[in-house]
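# Summary of structural features
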Amino acid sequence: KSIDPTNSTAMAGEKGLVLLDFWVSPFGQRCRIALAEKGLPYEYVEENLMAGKSDRLLRSNPIHKKIPVLLHDGRPVNESLIILNYLDDAFPDTPSLLPSDPYQRAQARFWADYVDKKVYDCGTRLWKLKGEPHAQARADMVEILKNLDGALGDKAFFGGHAFGFVDAAFAPFTSWFHSYEKYGEFSVAEVAPKIAAWAKRCGERESVAKSLYSPDKIYEFIGVLKKMHGVE
Amino acid sequence: PWKAMHDPATQIWTSFIAHEQKRDQHQSSKQHGGPTMAEKGVKVFGMWASPMAIRVEWALRLKGVGYEYVDEDLASKSDALLRHNPVTKKVPVLVHDGKPIAESTIIVEYIDEAWKDGYPIMPADPYDRAQARFWARFADDKCNAAIFPVFTATGEAQREVVREAQRCLKTLEKALEGKKFFGGDAVGYLDVVVGWYAYWLPIIEEVSGADVVTDEELPLMKAWFGRFLAVDVVKETLPPRDKLLALNKARREQLSA
């Protein structure tokens, strides 16, 4: 039996699925989308990160102290892509996010990992930085979107006909496109037309529509972040 | 409030090795069983001193899968590598019957799934799998970033970065409690991912004059180092110690200059 370093015995009495999350987090939204796609009921717990972190969050994720955290019968699973993998493994009778073929699974993991490593940080550089670093961030974001455009190709979704792992991983960022466009002064429809079309398709899915906030709301939120970081 | 995960440490390791490659041309192709015809078979694009590439070899050997190893000159990457991994252009890349897969931890999971009747690398239980993946990311994102400064720092600054590296490894060590290996009684996914510490860390310690993994500070990890290095597939794959030591010594001098 593996040792659980997060000492979750205190929470072991709770049955079912609980998601510790923060309303605007794209990483949390991935989990909400995945749970909805799988038809899995869960309790949503909003962590007001602006006001500090709850005891439950700190106990569930003592190492990173971050959301999202999925609690399953009291045991915590951390990190959004790990949560998505876990949901596939633990609930095999629900629609699978990952394809069944090992090579396709590896491709899906690669692109989800690519989104994870690149998109959010590059976006942050776009709204935070000025001058040459800003220009670099803009160039990087365009390259990232072009790469994802190529990976999507002529498929309806990254998963093929079906909405899958990479779609769930990347869909939350579609509401950030508007902000990236404004800060980066480029058009997603121009640099990555397939991605732009895909974003529309995602938005038509209930799981996505219910989990995302409007692009204007995101733009407003970035304004709040800028103030917090003392950026003009 | 949150951040996406980076892979700065992997970039650090492979890029500092690349500088050495400029002077030390080392292109070779070692056959390890199994002929390759046209696009059939298994090829590993790696680099002899890369800890990320060795993970792939360990996983293949645990499964008893033969492969051809292509040693890349990172300062002058082959057309084949760039064709197989145009997005990140990094090693390792696994090419299986002509189909490429990049990112070492993703490759290891692929190997486990593609040869699913062989040695089990990932744990069977979903929660254990999630834990193993969590620790693998923690090691790659946090521990690697904490270890690298040990390599370059000196004096008082080094003492501080050593403590930081130890703090990180102590956290990771918790996943070893009560077990012979991270995988339990036998080597598993997490052992394959962090196993490189067992061979590379003592070399880093020797080159930089620091003591990181000691019996006092990290007894479980130290003991696991010995057990891991005694595993057959590990023993038979390690790069020559004197060569690795020399490379790291030279690189340290270069970085400190």
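Rules and cut-offs
Here, residues in each chain are numbered from 1, in the same order as that chain's written sequence. Naming scheme: in the order in which they are written, chains are lettered from A and ligands are numbered from 1. Selection of residues for local features in this predicted model requires a pLDDT of at least 70, selection of side-chain atom pairs for listing and counting requires 80 or more, and totals for whole chains, interfaces and linings are taken over all residues. Hydrogens are left out, water is left out, and the side-chain values use all remaining heavy atoms of the structure. UniProt positions are given in the numbering used here, feature names are shortened, and annotations may be inferred rather than shown by experiment. Helix and strand definitions here come from DSSP, where helices need a minimum of 4 consecutive H or I residues and strands a minimum of 2 consecutive E residues; each element is numbered from the N-terminal end. Put simply, the radius of gyration uses C-alpha atoms, and a globule should come to 2.2 Å times the residue count raised to 0.38. Exposure is judged per residue with a 1.4 Å probe applied to protein chains only, and the accessible area is read against the type maximum: over 50% gives exposed, under 20% gives buried, and values in between give partly exposed. Should any heavy atoms of two residues lie within 4.5 Å, those residues are counted as being in contact. To estimate the expected span of a helix, subtract one from its residue number and multiply by 1.5 Å. Residue ranges for the domains trace back to a domain assignment, done automatically or taken from a database. Two parts placed together each lose some accessible area under a 1.4 Å probe, and the buried area is that loss summed for both. Salt bridges are identified by distance alone: a Lys or Arg side-chain nitrogen within 4 Å of an Asp or Glu carboxyl oxygen. The nonpolar core is taken to be a set of buried Ala, Val, Leu, Ile, Met, Phe, Trp, Tyr and Cys residues, with the residues joined through side-chain atoms within 4.5 Å. Working convention: axes come from line fits to C-alpha atoms, limited for helices to the stretch in contact. Angles between N-to-C directions cover 0 to 180 degrees. Angles are sorted into four bins: roughly parallel if under 35 degrees, roughly antiparallel if over 145, roughly perpendicular if 65 to 115, and oblique for all others. Each residue receives one of three labels: charged for Asp, Glu, Lys and Arg, nonpolar for Ala, Val, Leu, Ile, Met, Phe, Trp, Tyr, Cys and Pro, and polar for the others, Gly being one of them. Polar contact is defined as a pair of N or O atoms within 3.5 Å, subject to the rule that within protein one atom must be able to donate a hydrogen and the other to accept it, and that residues adjacent in sequence are counted only when both atoms are side-chain atoms. Here the rule is simple: two strands pair whenever DSSP picks up at least two bridges between them. With the strands pointing away from the viewer, any crossover whose connection runs clockwise from the first strand over the helix to the second is right-handed.

Going by an unreviewed UniProt entry, chain B carries the name glutathione transferase and comes from Aegilops tauschii subsp. strangulata. Listed in UniProt under the heading Sequence similarities (unreviewed entry), the comment for chain B reads: "Belongs to the GST superfamily." According to UniProt, the comment filed for chain B under the heading Catalytic activity (unreviewed entry) is "RX + glutathione = an S-substituted glutathione + a halide anion + H(+)".

For chain A, an unreviewed UniProt entry supplies the name Glutathione S-transferase and the organism Aegilops tauschii subsp. strangulata. Quoted straight from UniProt, the Catalytic activity (unreviewed entry) entry for chain A says "RX + glutathione = an S-substituted glutathione + a halide anion + H(+)". Looking at the Sequence similarities (unreviewed entry) heading of the UniProt record, one finds this comment for chain A: "Belongs to the GST superfamily."

Our focus in this paragraph is the overall build of chain A. Scanning chain A from N- to C-terminus turns up 11 helices and 4 strands. In terms of C-alpha radius of gyration, chain A reaches 18 Å, essentially the compact-globule figure of 17 Å for 232 residues. Principal-axis analysis of the C-alpha atoms gives chain A an extent of 50 × 45 × 30 Å. Counting every position in chain A, which comprises 232 residues, the buried fraction comes to 55%.

Scanning chain B for helices and strands turns up 11 helices and 5 strands. The contacts of chain B with a sequence gap of at least 6 include a subset with a gap of at least 24, amounting to 74%.

Moving on, we come to helix α1 (residues 26-38) of chain A. Along an α-helix, residues three or four positions apart point the same way, because every turn accommodates 3.6 residues. All names here are of chain A. Its 13 residues place the ends of α1 18 Å apart at the C-alpha level, agreeing with the 18 Å of an ideal helix rising 1.5 Å per residue. Counting buried residues in α1 gives 12 out of 13 residues, a clear majority hidden from the surface. Within α1, the full set of buried residues consists of P26, F27, G28, Q29, R30, C31, R32, I33, A34, L35, E37 and K38. Remark: G39 follows α1 within two positions and exhibits a positive phi of approximately 65 degrees.

What follows concerns the UniProt feature "domain: GST C-terminal" (unreviewed entry) in chain B. On the UniProt side, "domain: GST C-terminal" (unreviewed entry) is annotated at positions that read residues 125-252 of chain B here. In the segment residues 125-252 of chain B, helix accounts for 72% and strand for 0%; the C-alpha atoms at its two ends are 42 Å apart.

Attention now moves to the domain arrangement of chain A. Residues and elements named next belong to chain A. Each domain of chain A was delimited in the assignment, giving domain 1 (17-90) and domain 2 (102-229). Once you take the C-alpha centre of each, domain 1 and domain 2 turn out to be 21 Å apart. On the side of domain 2, 24 residues touch domain 1, which itself brings 15 residues to the contact. In this assembly, domain 1 packs against domain 2 so that about 1800 Å² is buried in total across both faces, 69% of it on carbon and sulfur atoms. When the buried area of domain 1 at its contact with domain 2 is split by residue, W23, R30 and I33 rank highest and sum to 30% of it. A salt bridge links R205 to E37; its shortest N-O distance comes to 2.9 Å.

A separate point is the nonpolar core. Ranked by size, the top nonpolar core spans 167 residues in total, and within it F170(A), L169(B), L172(B) and Y197(B) carry the most contacts. Top element by residues in this core is helix α5 (residues 126-152) of chain B. It accounts for 14 residues.

As a further point, take the packing of α1(A) against helix α4 (residues 102-128) of chain A. Residue and element names in this part refer to chain A. Where α1 contacts α4, the axes come no closer than 12 Å and their chain directions differ by 135 degrees. Of the possible angle classes, the one that applies to α1 and α4 is oblique. Within the contact between the two elements, α1 uses P26, F27 and R30 and α4 uses V115, D116 and Y120. Here the residues of the contact of α1 with α4 sort into 4 nonpolar, no polar and 2 charged.

Moving on to the interface of chain A and chain B. Interfaces are often described in size by the accessible area the parts lose on coming together. On the chain B side, the residues contacting the 41 residues of chain A number 35 residues. Counting the surface lost from both chain A and chain B, the interface buries some 3900 Å², and carbon and sulfur atoms represent 64% of this. Area buried by chain A at its contact with chain B is led by Y103(A), F110(A) and K117(A), which between them contribute 16% of it. Applying the counting rule to chain A against chain B returns 8 salt bridges. Ionic pairing is found between R133(B) and D89(A), a salt bridge with its closest N-O pair at 3.4 Å. Inspection of the chain A/chain B interface yields 10 residue pairs in polar contact (both at pLDDT 80 or more).

Further remarks concern the domain arrangement of chain B. Residues and elements named next belong to chain B. The domain boundaries assigned to chain B delineate domain 1 (8-114) and domain 2 (126-256). On the domain 2 side, the residues contacting the 24 residues of domain 1 number 28 residues. Regarding the contact of domain 1 and domain 2, the summed buried area is about 2700 Å², with carbon and sulfur atoms giving 70% of it. Note that D140 and R55 form a salt bridge whose closest N and O atoms lie 2.6 Å from each other. At the boundary of domain 1 with domain 2, the tally comes to 5 residue pairs in polar contact (both at pLDDT 80 or more). Residue assignment for the side of domain 1 that touches domain 2 shows that the elements contributing at least two residues are α1 (8-23), α2 (51-62) and α4 (104-114). Residue composition of the side of domain 1 that touches domain 2, grouped by class: 14 nonpolar, 4 polar and 6 charged.

Our next topic: the pairing of strand β2 (residues 43-46) of chain A. All names here are of chain A. With 4 bridges connecting them, strand β1 (residues 17-21) and β2 associate as parallel partners. Bridge pairing links L19 to Y44 in β2. Between the parallel pair β1 and β2, the chain is carried across by α1, and the sense of this crossover is right-handed.

On to the packing of α5(B) against helix α11 (residues 241-256) of chain B, then. All names here are of chain B. Contact geometry for α5 and α11: axes closest at 9 Å, N-to-C directions at 80 degrees. In terms of orientation, α5 and α11 fall into the roughly perpendicular class. Seen from α5, the contacting residues are F148, F151 and T152; seen from α11, they are N248, R251, R252, L255 and S256. When the residues that make up the contact of α5 with α11 are grouped by side-chain class, the tally is 3 nonpolar, 3 polar and 2 charged.

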